[in-house]
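A closer look at the structure
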Amino acid sequence: MAMLKLLDLAKTFGPVRAVDGVSLQVEPGEIYGLLGPNGAGKTTTISMTSGLLRPDRGQVLVEGHDFWSDPVRAQRLMGVVPQEVALYEELSGLDNLLFWGRLAGLDRHAVKSRAAEVLEALSLSDRAKDPVKAYSGGMKRRINIGCALMHRPRLLLLDEPTVGIDPQARQNILDFIRHLARNGTAILYTTHYLEEAETLCQRIGIIDTGRLLAEGTLAELQQRVSKGALFLLEGDFADAKPDAWPGFGESFSTLQRTGRQWLVSPREERHPAECLRDLLNLPVHPENVTLKKPSLNDVFLQLTGRELRE
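A few points on the structure.

Here is what the cut-offs are and how they apply
- Residues numbered from 1 in each chain as written.
- Predicted model: local features only at pLDDT ≥ 70, side-chain atom pairs only at ≥ 80, totals over all residues.
- Heavy atoms only, no water.
- Buried < 20%, exposed > 50% of the residue type's maximum accessible area, 1.4 Å probe, protein only.
- Helix = DSSP H or I, 4+ residues; strand = E, 2+ residues; numbered from the N terminus.
- Contact = heavy atoms within 4.5 Å.
- Pairing = 2+ DSSP bridges.
- Patch = residues over 30% accessible without salt bridge, like charges linked within 9 Å, V, L, I, M, F, W, Y side chains within 5 Å.
- Areas by Shrake-Rupley, 256 points an atom, 1.4 Å probe, with all protein chains shown as cover.
- Salt bridge = Lys/Arg side-chain N within 4 Å of Asp/Glu carboxyl O.
- Axes fitted to C-alpha atoms, helices over the stretch in contact; angles between N-to-C directions.

Side note on helix α3 (residues 93-103)
Every buried residue of α3 is accounted for by G93, N96, L97, L98 and G101. Close packing links the buried residues of α3 with α4 (108-121) and α5 (137-149). After α3 finishes, the residue G105 shows a positive phi value of roughly 105°.

Considering the pairing of strand β4 (residues 57-62)
Bridge analysis of strand β1 (residues 4-13) against β4 gives five bridges, and the strand direction is antiparallel. By the bridge assignment for β4, A10 is matched with R57. In terms of strand pairing, β4 meets strand β5 (residues 65-66) through two bridges, oriented antiparallel. Considered in β5, the bridge of V62 is made with H65. As consecutive antiparallel partners, β4 and β5 are separated by two residues, and within that stretch E63 has a phi angle of approximately 55°, a positive value.

As for a nonpolar patch on the surface
On the surface, Y88, L91, F99 and L103 cluster together to form a nonpolar patch covering roughly 370 Å² of accessible area. Assignment of secondary structure puts Y88 in the loop between β6 (78-81) and α3. Taking the relative accessible area as the measure of exposure, Y88 reaches 41% and is therefore partly exposed.

A closer look at the sheet that holds strand β14 (residues 288-292)
Pairing is antiparallel in the open sheet, where four strands are placed in the order β12-β13-β11-β14. Single-partner strands in this sheet number two, and they are β12 (252-257) and β14. With strand direction ignored, the average angle separating the axes of adjacent strands in the sheet is 25°. Contacts from helix α10 (residues 272-280) reach β11 (230-234), β12, β13 (261-266) and β14, with the element oriented near 25° to β11. In this fold helix α11 (residues 296-304) packs onto β11, β12, β13 and β14, with an angle of close to 110° to the strand it touches most, β12.

Structural notes on the environment of A10
If you trace the backbone, A10 turns up in strand β1. Remark: the alpha-carbon pair of A10 and E160, spanning 150 residues in sequence, is separated by 21 Å. For A10, the contacting residues outside a window of four places in its chain are V19, G21, M48, P55, D56 and R57.

What about the pattern of salt bridges?
Scanning the entire structure with this criterion turns up 20 salt bridges. Between R270 and E274 there is a salt bridge; the shortest N-O distance is 3.4 Å. Relative accessible area serves as the criterion here: at 35%, E274 is assigned to the partly exposed category. D278 serves as the salt-bridge partner of R270, at 2.4 Å between the closest nitrogen and oxygen. Here the residues in one salt-bridge network are R270, E274, R277 and D278, joined through shared partners.

Next comes the structure, spelled out in structure tokens:
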């Protein structure tokens, strides 16, 4: 049974449709990455999943049960890490864990034992009694995740947990998330970092303007783009007018073009040598042609017509 299922979720704020028919599911032990630019609808999706917002349409199922039929039961099964760090800066890391653990329902004995476990797992035992305001950005992020783990949730919702921290701190957090998944935790992970989605997530959903445009493994998403092959042309293309070239539009589509680079995709599955022959015979002769494997950014380009970072 899927730990989490979202069925046709939708949410509108005035004239803005923030989420428009999102459906996905997350299995136990799986890291599902929800990838999209800022404003794509990722945080609104997390907010509806956790009960902070009630959807205008659709259903949230946690371990097969409708969230709103018993929200207390659903929330006991999940931990939520918001994009903005939710900590009391004047309190120590330990006191933050104790506070959130008690809110989650742990008794006085269990909460102390669990806090010690979480601090050890996060490699923060030596800083447990220091005030959070003295922590680095990465340490705050780790304690923030720890607060969501105090009650041992089987479903973890992580909303951009590595924003604004250095690469080493980010890697520590990603390694810890992998450890949680290996131990059976189902994780819904939102990000706009391509490399995180590529290296961390078993499956990836690409979201933009509130709609889930595609989902699958990295290999499956790459295969969507020209059966897994693209051609990068380099040269002087400032005056190129491919729309006027006979047969070009039927054979190739343009994913991206600048004055010096041109990324094209075969419209049908063809042998690379055949594609290369056609590209070398274009009216504007490229200086170099490279066969490349599509990246997630290439997938996003094909789906939306723009790069993820724009």
